[in-house]
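This is what each chain is made of:
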Amino acid sequence: MLVMGSMIGSGIFIVSADMMRNLGSGFWLIVVWIITGVMTVAAAISYGELSALFPKAGGQYTYLKEIFGKKMGFLYGWGLFTVIQTGTIAAVAMAFGKFTAYLIPSLNDAAPIFQSGEFKITWIQILAIAVIMLLTYINTRGVESGKLLQNVFTGSKIIALLGLIALGFIRVDFSHLAENFSLGMNSFNNLIKDPAGNFLKEGWMPINGMTLLGGIAAAMVGSVFSSVAWESVTFVSGEIDNPKRNVVKSMIYGTSAVMILYIAVNFVYLNALDRDGIAFAANDRVAVAASQNIFGSAGTIIIALLVMISTFGCDNGLILAGARVFQTMAKDGMFFKSAVQNNKNEVPENALWMQGVWASILCLSGQYGNLLDMISFVIVLFYMITVFGVIYLRIKQPALERPYKTWLYPITPVIYLIIGTGFCLLLLIYKQQYTWPGFLMVLLGLPVYYLINRKKTKA
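Within any chain, residue numbers begin from 1 and follow the written order of that chain's sequence. Reporting in this predicted model follows two pLDDT cut-offs: at least 70 for local features of residues, and 80 or more for side-chain atom pairs to be given and counted; totals over whole chains, interfaces and linings ignore these cut-offs and use all residues. By convention in this description, side-chain values take in all heavy atoms of the structure and omit both hydrogens and water.

**Things to note about the overall build of the chain**
Then step 1. Put simply, DSSP H or I for four residues or longer makes a helix, DSSP E for two residues or longer makes a strand, and each gets a number counted from the N terminus. On a plain count of helices and strands, the chain comes out with 20 helices and four strands.
Then step 2. Only C-alpha atoms enter the radius of gyration, while the globule expectation follows 2.2 Å times N to the 0.38, with N the number of residues. Computed over the C-alpha atoms, the radius of gyration of the chain is 22 Å, within 12% of the 23 Å expected from 2.2 N^0.38 for a compact globule of 459 residues.
Then step 3. Projected onto the principal axes, the alpha-carbon positions of the chain cover approximately 65 × 50 × 40 Å.
Then step 4. We call a residue buried when its accessible area falls under 20% of the maximum for its residue type, exposed when it is over 50%, and partly exposed in between, using a 1.4 Å probe and counting protein chains only. Here the chain, with 459 residues, has 56% of them falling under the buried criterion.
Then step 5. Whether two residues are in contact is decided by their heavy atoms, any of which lying within 4.5 Å being enough. Sequence-distant contacts, at least 24 apart, represent 79% of the contacts inside the chain between residues at least 6 apart.

Here it is in structure tokens:
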């Protein structure tokens, strides 16, 4: 439930619009989701070996630190706190606020609480912060409180998604599936914009093979963002019964189930809407557009409630898991000392509130959305380094007792490394705006690392 709940947030309801604008074909849309699915499950299978070797809290931070040293572990933890985990918490909370405003239009129409130039604070941002604070408080009450909430909300959204998938084929009067797939290999993109920067629907243009690769890389930014956070379960390994067995199973079963759901939901979009309906859905809310075709006027309310349930449960999983990494870093002298302490409920309350406060600041900044788009490159880069760690440890320490061994080793980690390398190289070639900002955020952690270690040396 933690794996599935952390993965399924707002992305699956939104990103397919931008992906279609980059690809222009239902065929390639499904291909990109399948590539992302293979990539995600291959990573989860590979991580299983590391989770069994290092069955303690901290997850990916611990793996990188144990395999490649403290500096690599710190850089990952730094990126996690500054953008990856907290930025995702902020973005998902904002999605909750925006879809709430869909049901309560007065939230959308209300004047900003504060505005200075382009910077403004709206009631939607305040609602997002309230959600973060509420979920942080619930998780300070003990791991059982967070677990119960996670199970209820994840169970609800899985049932709702299954219902959407089933009804998406039963209730649609006219199927666009054949039409969307008939575009096949003759993919189109390179959309023309008007002087105001809006896409023109008649601006679809044929593309060649090399441009298609750029389109695939740009589209994968959306599918990859929707498929991250499955590793959150490794962050709480220290609080899971028999982690050597259960963390492995939860990652593999959880990621496989979510990717199957994601592909099925995209078939629903392709069945309910034509290419323009997906690519130009209002505010990229492709799920809302599809639901209106499936359920009629009630579709907006149904999908808004589904996204609210989904984002609320997703944020709970991210908040529950992330604080455990920052506590582990603090124990290693790599984070604020007060984050080490557990409260009377045996949870890292200080780390939870630090995470919650920074995520709330990101809500106010208005910049978290851009940061998340740009951090996809860095997330995959860290996944690749961690997956490579499986191969590195096999070579360096072959005698280590491995309670779980990666299925089809070395094929599985190599598959991930090949796809991940291709994704990163294509972004470097075609979409640099998705790469250098994320790199910069991580590199800013280097002077912080050296400052921390200089203080330790002097001490």
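Still more to cover.
**A closer look at the side chain of His176**
Then step 1. By the secondary structure assignment, His176 is in the loop between helix H8 (143-170) and helix H9 (177-182).
Then step 2. Polar contacts involving the side chain of His176 include one to the side chain of Glu179, which spans 3.0 Å.
Then step 3. Beyond its immediate chain neighbours, meaning those up to four positions away, His176 contacts Leu270, Asn271, Ala272, Leu273 and Asp274. Polar contacts, as counted here, are pairs of nitrogen or oxygen atoms within 3.5 Å of one another; within protein the pair requires one atom able to donate a hydrogen and one able to accept it, and residues that are adjacent in sequence qualify only if both atoms are side-chain atoms.

**What about the packing of aromatic side chains?**
Then step 1. Only Phe, Tyr and Trp rings are paired, with Trp represented by its six-membered ring, and only when their centres lie within 6.5 Å; those with planes under 30 degrees apart are stacked, over 60 edge-to-face, the remainder tilted. Tallied over the entire structure, the rule returns 24 aromatic pairs.
Then step 2. Centroid distance Phe27 to Trp28: 5.0 Å. Interplanar angle 80°. Geometry classified as edge-to-face.
Then step 3. Overall, the relative accessible area of 27% leaves Phe27 in the partly exposed class.
Then step 4. Classification of Trp28 as buried rests on a relative accessible area of 11%.

**Things to note about the packing of helix H14 (residues 286-295) against helix H15 (residues 299-331)**
Then step 1. At a closest axis distance of 7 Å, the pairing of H14 and H15 adopts a crossing angle of 135°. In terms of orientation, H14 lies oblique with respect to H15. Helix-helix and strand crossings are classified by hand; for H14 and H15 the assignment is right-handed. Where H14 approaches H15, its residues Ala287, Val288, Ser291, Gln292 and Phe295 are matched on the opposing element by Gly299, Thr300, Ile302 and Ile303. Lines fitted to C-alpha atoms define the axes, with helix axes restricted to the stretch in contact, and inter-axis angles between N-to-C directions lie between 0 and 180 degrees. Should an angle fall under 35 degrees it is called roughly parallel, over 145 degrees roughly antiparallel, and 65 to 115 degrees roughly perpendicular, with every other angle called oblique. Crossing handedness: left-handed means the near helix sits turned counterclockwise from the far one by under a right angle, and right-handed means the same turn made clockwise.

**Some thoughts on the environment of Ala272**
Then step 1. For Ala272, the position within the fold is in helix H12 (residues 243-272).
Then step 2. A relative accessible area of 1% means that Ala272 is categorised as buried.

**What to know about unusual backbone geometry**
Then step 1. The amide bond that connects Tyr409 to the next residue, Pro410, takes the cis arrangement and shows omega of 0°.
Then step 2. Relative to the assigned elements, Pro410 resides in the loop between helix H17 (368-396) and helix H18 (411-430).
Then step 3. Positive phi, close to 80°, is recorded for Ala229, a residue that is not glycine.
Then step 4. Along the chain, Ala229 falls in the loop between helix H10 (209-226) and helix H11 (232-235).

**Overview of helix H16 (residues 349-365)**
Then step 1. By definition here, a helix of n residues has an expected span of 1.5 Å times n minus one. The end-to-end C-alpha distance of H16, which contains 17 residues, comes to 24 Å, matching closely the 24 Å that a straight helix rising 1.5 Å per residue would cover.
Then step 2. Every buried residue of H16 is listed here: Ala351, Leu352, Gln355, Gly356, Ala359, Ser360, Leu362 and Cys363. For H16, the angular spread of buried residues about the axis comes to 165°, placing them on one side. To be clear, the arc concerns the directions from the helix axis to the C-beta atoms.

**Side note on the environment of Gly142**
Then step 1. If you trace the backbone, Gly142 turns up in the loop between helix H7 (123-140) and H8.
Then step 2. Spatially, the C-alpha atoms of Gly142 and Asn283 are 38 Å apart, while their sequence positions differ by 141 residues.
Then step 3. Sequence-distant contacts of Gly142, that is, excluding residues within four places in its chain, are made with Asn345 and Val347.

**Quick notes on the packing of H8 against H14**
Then step 1. H14 packs onto H8 with a crossing angle of 55° between their chain directions and a minimal axis gap of 9 Å. Taken together, the axis directions place H8 and H14 in an arrangement best described as oblique. Crossing handedness for the pair H8 and H14: left-handed. Seen from H8, the contacting residues are Leu164, Leu167 and Gly168; seen from H14, they are Ser291, Ile294 and Phe295.
Then step 2. Asp, Glu, Lys and Arg are counted as charged, while Ala, Val, Leu, Ile, Met, Phe, Trp, Tyr, Cys and Pro are counted as nonpolar; the rest, among them Gly, fall into the polar class. For the contact of H8 with H14, the per-class residue count stands at four nonpolar, two polar and no charged.

**Considering the nonpolar core**
Then step 1. Think of a nonpolar core as a cluster: buried Ala, Val, Leu, Ile, Met, Phe, Trp, Tyr and Cys residues, connected wherever their side-chain atoms sit within 4.5 Å. Residues Phe13, Trp33, Trp230 and Tyr416 are the most contacted members of the largest nonpolar core, which totals 140 residues.
Then step 2. Once residues within four sequence positions are removed from consideration, Trp33 is found in contact with Ile12, Val15, Ser16, Met19, Ser223, Ser226, Ser227, Met259, Tyr262, Ile263 and Asn266.
Then step 3. Counting six residues, the second largest nonpolar core, distinct from the first, contains Val41, Ile45, Ala52 and Val248.

**Concerning a nonpolar patch on the surface**
Then step 1. Where nonpolar side chains cluster on the molecular surface, the patch consists of Ile34, Val38, Trp407, Leu408, Ile411 and Ile415 and spans about 570 Å² of accessible area.
Then step 2. Along the chain, Val38 turns up in helix H3 (residues 26-53). Note on patches: the residues involved have over 30% relative accessible area and no salt bridge, like charges join within 9 Å, and the nonpolar side chains Val, Leu, Ile, Met, Phe, Trp and Tyr join within 5 Å. Surface accessibility follows the Shrake-Rupley procedure with a 1.4 Å probe radius. Residue values consider only the protein chains on display as shielding. A carboxyl oxygen of Asp or Glu within 4 Å of a side-chain nitrogen of Lys or Arg is what we treat as a salt bridge.

**Here's the deal with helix H4 (residues 60-68)**
Then step 1. Most of H4 sits out of view: seven of its nine residues are buried.
Then step 2. Here H4 has its buried residues at Gln60, Tyr61, Thr62, Tyr63, Leu64, Lys65 and Ile67.
Then step 3. Of the residues one or two after H4, Gly69 is the one with positive phi, at around 105°.

**Some remarks on the pattern of salt bridges**
Then step 1. The tally for this structure, following the rule as stated, stands at five salt bridges.
Then step 2. For Asp284, the salt bridge is made with Arg21, and the minimal N-O distance between the two is 2.9 Å. Of this pair, Asp284 sits in the loop between helix H13 (275-279) and H14 while Arg21 sits in helix H2 (residues 15-23), and the two are 263 residues apart along the sequence.
Then step 3. Put simply, Lys65 and Asp332 hold a salt bridge, and the shortest N to O gap is 2.9 Å. On the criterion of sequence distance, the pair formed by Lys65 in helix H4 and Asp332 in the loop between H15 and H16 is long-range, its members being 267 residues apart. For the pair Lys65 and Asp332, a shared accessibility class is recorded, and that class is buried.

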